[in-house]
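# Secondary and tertiary structure notes
Here's the letter readout for the chains.
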Amino acid sequence: MSVVLPYLLSGISVGGQYALIAIGYTMVYGILRLINFAHGDVFMVAGVMMVYLSASLPLYVSMPLMLILTVIIGFAIERAAYKPLRSAPRMSIMISAIGVSYLLQNLAAYITGGLAQQYPTVPGISASVNIGPATTKVVTLVTPFLVIALVFALVMLINHTKIGMAMRAVSKDYDTAQLMGIRINAVISATFVIGSFLAAVGSVLYFTNYTAVTYTSGAMPGLKAFVAAVFGGIGSIPGAVIGAFIIGISENIVKGLEAMLGMAGINLNIGLATFSDAVTFALLIIILVVKPTGLFGEKATEKV
Amino acid sequence: MKSYKRVLALMLAMAMMVCVFAACGSDAASAPAASSAEAAASGDAAAAPAAAGDKVVKIGVYEPASGDNGAGGKQETLGMQYANQETPTVEIGGETYSVQLEIVDNQSSTDKGPSAAQQLVSAGVSVVLGSYGSGVSIAASDVFKNGGVPAIGVTCTNPQVTEGNDHYFRICFLDPFQGTVLANYASAELGAKKAYCLSKLGDDYSAGLCNYFKEAFTGLGGEVVEESFPEGNSDFTSYITNAKSQGCEVFFAPVSTEAAANIIEQASAQGLGMPMLAGDTWDSNVITGAAQGKDVEIIVTTFYQEGGNAAFDEGFKAYLNSDSTAMTNNGGNDMVAAVSAMGYDAYYVALEALKAAGSTDAAAVQAALPGVTYTGVSGAIAFNETGDAIRDTAYVKKANTETGAWDFVAEQKVG
Amino acid sequence: MKNLENKRGTLITAAIIVAVFLFVGIAEKIAPPSWNMLFMVLKKGSIYALIAVSMNLLNGFTGLFSLGQAGFMLLGAYTYGIFTIPAADRASVYQYFDGGVVQFALPVPVALILAGLVAAAFAFLIGLPVLRLKSDYLAIATLGFAEIIRAVFQWNVLGPITNGSNLLRKFPVFQSTISYFVVVGICVAVILLLINSSYGRAFKSIREDEIAAEAMGINLARHKMLAFCISSFFAGIGGALLAMYQTSVQASIFKSAMTYEILLIVVIGGIGSISGSVMASFLYIACSEWWLRFLDQETILTAAGRGRFIAVMAVIFVILLALMVFRLVRPKAKSRVRYGVGAGICGAILIWLIVFAATGQTRVPLLRNGFRMVVFSVIIMIIVLFFSRGIMGTSELPDLFRKRVKPEKEEVAS
């Protein structure tokens, strides 16, 4: 156990951060049937904004400001890039998402000059702590609890509020929901607001651990979070969270597999860690082929 | 016929773009030589009116300003820009030419590199400097060859850049040398028996350097654990755990600076407990910035030691402080990066070559280059038969985690 | 097929194509070296044209949303590189792997076809499980596949074949632009023939309605697989050509960003238009690697240049502002908000221009490294949002030269 513990810890921590991004993906997909490729970049933009804001403002001002700005950006992206294409073919809106992602990355590259920015230290969660044989940051331990708390709040929101009911209705049947008098644009905006907020929270946790913020640092976590969402069954929030933890843990186990085998007396030395990303995608393909709706996905009602 | 209109609209938009382009291009070219470094490099539009002023010789700067190696490429370019500001003219064949730097961004990408290189050749440069990163240099090599333009590699350390090429030269040391120096240091000075080598997947620089390190280190009786991480990876905690759990005594990670910043942060948080070793890429203020106040021991080998030439250091710092853009490109402070010193030297080697050629003709410059010798701030430079600089010294330095600066450790030579 | 019946359009198109080929062939021989940039762009443009067309065959004609193009290009590029490096040079290329295991070299045409075949073979293998998936799931599965392929090719254990993380180089390359044009021309012609055959019609019927297609007796699985393999075959050849263009191959460039780039080209050209994809490729490459490069340079203007700059900018944005306002005040104006925002932006830029003119600044603001890509992505967003049918929509070049019958009244779906 003591051998596996550090890898598990890293896996749970990074899994929790993926989970916060994955919720945004899965909610948007549930409602709009859109893979919001720009979501990972919203996460990155949140990180970049935090770097610049905290350079001139104290943390208790810059952090809420960053959260608000990220939410506004998420809202604005939906209004500017997705809403005009609501009646267009699904491929167009997905391409629009890719375009937004491209724009956000290039904008961030332009502003940061393409240089890695050092994320500010967040007091309380940046410190190191010892757990048995493993040393890690406090944020690693905080992440899973925070994720569970946020998910709990979100599930409450979806199940017990009016807007939550509207969201469920829209994701069940878009057209009928509209006919029933649900203000569909408000629901979609609310989805993006929640998704961006969680991505912003995720960025604080993620970049406190991995402090170099570059204009591409949203791409890989974004992609993996999406994979997590698909893995757990897209549209399902608990599914996304569990999928994210599975992805996070499995990628860290792959990274450490050789070392663990080495300690068990099996010396491979073939560089298995090479496949830490590839294994994520392999898992994805396997689950898609075996159970296309994901672990917790509802039966697909593919509209023709 | 909606599509007709659309094509028309697109053409119109293109025409507009070209107008702006022409407007900016042509007036930038007639700007005085002092600002020529920043002047727009836009092919023919820039070339024509320039002849109206005094004589101009163009030196191409083929460096990344974006992508993985953007940070290093910018610092290298800064050295050249500073040198250009310091010595904006050169005597060629008894006449004074003003030197104009043509700067393009190769985006650290082998598929974007060739067209960037062609841009330089088309602009009529006499010699090209660059690039930071060996892969892009190799990808552009044939473009320079076909264009008849010689190139001087500044910090591309892969042997394959110059090998078999008459037109590619290089002023820095090579990976086999650097790998050996590092292995010697790890074995002799740090007394390590087992080393952990971390390279980036798909990055020929870190893979190559790890390879040479491994060769030398196992030759000295050591043992090596090799691992690589995929691109876009920020989570190094498991790799650090691997190094610790396998009882390694030195952590060798010659990777790009942005990965390095993450590695340092996580190594400190997890209590790596062994020295970290890296090559010339880590000689950057990104590293010292990340290491400041952390519990890590970082040792690098490099081309140049800040303080090695007081006049250069002072001048370069003054240049950075006088120009806010330059300061930003240098990463926000005025620390002298080794690659800047190399860029500075490369510029003067190019001037020497132009003087020796006695003409701005690229072919003449290429013919003159093998015979050029120059003593720069990073040491004496002379080329051997493959076009590589004959260098036998690397500087070893250590990051001071209190001051956020580099401390000089030793000069390493390999017989 | 309409465009075949329409002889005039076909003839004019054929004439244009012949003229372009002749121009490229002759100009290359006689043009001064200052034209080389044009040829560089033409080379890469033609390669991207082939890849974009191959992607269009899948996404535009068959309606299979695949994002694995970069992976198939990688397969093609590596196959070509591995099998054509002269045996004598292998020791220096595979410097860390004792010259590698492959110790022979194939002739260039054979290797090119092999590149396509290897990509197609992999497409077949991956297609067996994933082609059953629907739209977005297929997209993400193929994207994942491309990432896996990239990791495998960079794996050190396979180094004796793939050279691990290191470059492959020293393989034979085409020097002349016309060679690229000929190879790409042949491939695109084959794709065109295919699209106009019964297979092509079957592909299109799958795109329109899978269930109806199946009811008409079209074997869905077989046709989807066929389209997938053919598309990958040409992507593989495109990858091999790209390897030649950059004279080296490194797996790290074949990222998902490359697939997105090609997808954007397909969209700009018009999903479902071969000639659109071809034209968009050249435009895209020329803009991103040539015409817009000046945006990356900090520019300091002289007095005369300043006047010209202000004049040009003023003219452009006054025209744009007028257009926006015109659209805005039309009695039956649609999407007022959008044009209002557009007018606002134009107005703001004009106000800034007045300030710029008044204060006598000489440095053009904003222009510095990275600005090119920002402008470029804004242009792409504008195309995606406002001209979602792309340059050509679903029509082909010959359709443009058809005799005008009656101007269509329908408004472009916005």
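Everything numeric in this text was worked out from a predicted model, so none of it was measured. (Residues numbered from 1 in each chain as written. Chains lettered and ligands numbered in written order. Predicted model: local features only at pLDDT ≥ 70, side-chain atom pairs only at ≥ 80, totals over all residues.)

Chain B puts 35 residues into the contact, and the matching count from chain A is 34 residues. Those elements that place two or more of their residues in the side of chain B that touches chain A are helix 3 (70-86), strand 8 (223-229), helix 8 (237-245), helix 9 (257-270), helix 10 (285-291) and helix 12 (324-329) of chain B. Of all the elements, helix 9 of chain B adds the most residues to the side of chain B that touches chain A, at seven residues. Taken together, the residues that form the side of chain B that touches chain A break down as 10 nonpolar, 20 polar and five charged. (Contact = placed C-beta atoms within 7 Å. Helix = DSSP H or I, 4+ residues; strand = E, 2+ residues; numbered from the N terminus. Nonpolar A, V, L, I, M, F, W, Y, C, P; charged D, E, K, R; others polar.)

Residue and element names in this part refer to chain B. Relative to the elements of secondary structure, Val396 occurs in strand 14 (residues 393-400). Sequence separation between Val396 and Thr328 is 68 residues; the distance between their C-alpha atoms is 27 Å. Look past the residues within four positions of Val396 in its chain and what remains in contact with it is Tyr185, Ile299, Thr301, Val409, Ala410 and Gln412.

Right, let's talk about helix 14 (residues 274-289) of chain C for a bit. Taking 1.5 Å per residue, 16 residues should reach 22 Å; helix 14 of chain C reaches 23 Å between its end C-alpha atoms and fits that length. Within helix 14 of chain C, 12 of the 16 residues are buried, leaving the element largely enclosed by the surrounding structure. Buried within helix 14 of chain C are the following residues: C:Ile274, C:Ser275, C:Gly276, C:Ser277, C:Val278, C:Met279, C:Ala280, C:Ser281, C:Tyr284, C:Ile285, C:Ser288 and C:Glu289. As for helix 14 of chain C, its buried residues are in contact with helix 4 (113-122) of chain B together with helix 3 (36-61), helix 9 (177-195), helix 13 (256-269), helix 17 (371-386) and helix 18 (397-400) of chain C. (Expected span 1.5 Å × (residues − 1). Buried ≥ 20, exposed ≤ 12 C-beta atoms within 10 Å, placed from the backbone.)

Okay, the domain arrangement of chain C next. All names here are of chain C. Assigned domains of chain C: these are domain 1 (2-281) and domain 2 (294-389). Here domain 1 and domain 2 have C-alpha centroids that lie 36 Å from each other. On the domain 2 side, the residues contacting the four residues of domain 1 number four residues. Partitioned by chemical class, the residues of the side of domain 1 that touches domain 2 number three nonpolar, one polar and no charged. (Domains from an automatic or database assignment.)

Turning next to the domain arrangement of chain B. Residue and element names in this part refer to chain B. Domain boundaries in chain B define domain 1 (49-173 + 310-383) and domain 2 (175-302 + 394-413). Between the C-alpha centres of domain 1 and domain 2 the distance comes to 28 Å. Contacts between the two partners involve 17 residues from domain 1 and, on the opposite side, 18 residues from domain 2. Considering only residue class, the side of domain 1 that touches domain 2 consists of six nonpolar, 10 polar and one charged.

Residue and element names in this part refer to chain B. Strand order in the open sheet made by the seven strands is 8-7-9-10-11-14-15, with mixed pairing throughout. Both edges of this open sheet fall to strand 8 and strand 15 (405-413), since each of them pairs with a single strand only. Taking the axes of each pair of neighbouring strands and ignoring which way they run, one obtains an average angle of 25° across the sheet. Both strand 14 and strand 15 contribute to a ladder of eight bridges, which runs antiparallel. Note on strand 15: the bridge partner recorded for Asn400 is Ala405. (Pairing = 2+ DSSP bridges. Axes fitted to C-alpha atoms, helices over the stretch in contact; angles between N-to-C directions.)

Residues and elements named next belong to chain B. The predicted model of chain B has a mean per-residue pLDDT of 83, with 87% of residues at 70 or higher. Of all secondary-structure elements in chain B, the lowest mean pLDDT belongs to helix 2 (residues 43-50), at 38, while strand 9 (residues 250-252) reaches the highest, 95. Across residues 21-52, confidence stays below pLDDT 50; counting only partners more than four residues off in sequence or on other chains, it has 79 contacts. (pLDDT = per-residue confidence, 0-100.)

Turning our eyes to something else, we now look at the nonpolar core. With 351 residues, the main nonpolar core has A:Ala22, A:Leu284, B:Leu129, B:Phe251, B:Phe252, B:Ala350 and C:Leu50 as its most contacted residues. It is helix 3 of chain C that contributes the most residues to this core, 15 residues altogether. Ignoring anything within four residues of it in the chain, the contact list for B:Ala350 reads B:Ile59, B:Val127, B:Leu129 and B:Ile152. (Core = buried A, V, L, I, M, F, W, Y, C linked by C-beta atoms within 7 Å.)

Moving on, we get to the pairing of strand 11 (residues 298-302) of chain B. Regular strands show a simple pattern: their side chains alternate between the two faces of the sheet. Residues and elements named next belong to chain B. Of all five residues in strand 11, five are buried; the element is thus mostly enclosed. Taking every second residue as pointing to the same face, both faces of strand 11 are buried, with Ile298, Val300 and Thr302 on one and Ile299 and Thr301 on the other. When strand 10 (residues 276-278) meets strand 11, the two strands line up parallel, connected through three bridges. Note on strand 11: the bridge partner recorded for Ala278 is Val300. Handedness of the crossover joining strand 10 and strand 11 through helix 10 is recorded here as right-handed. (Right-handed = clockwise from strand over helix to strand, strands pointing away.)

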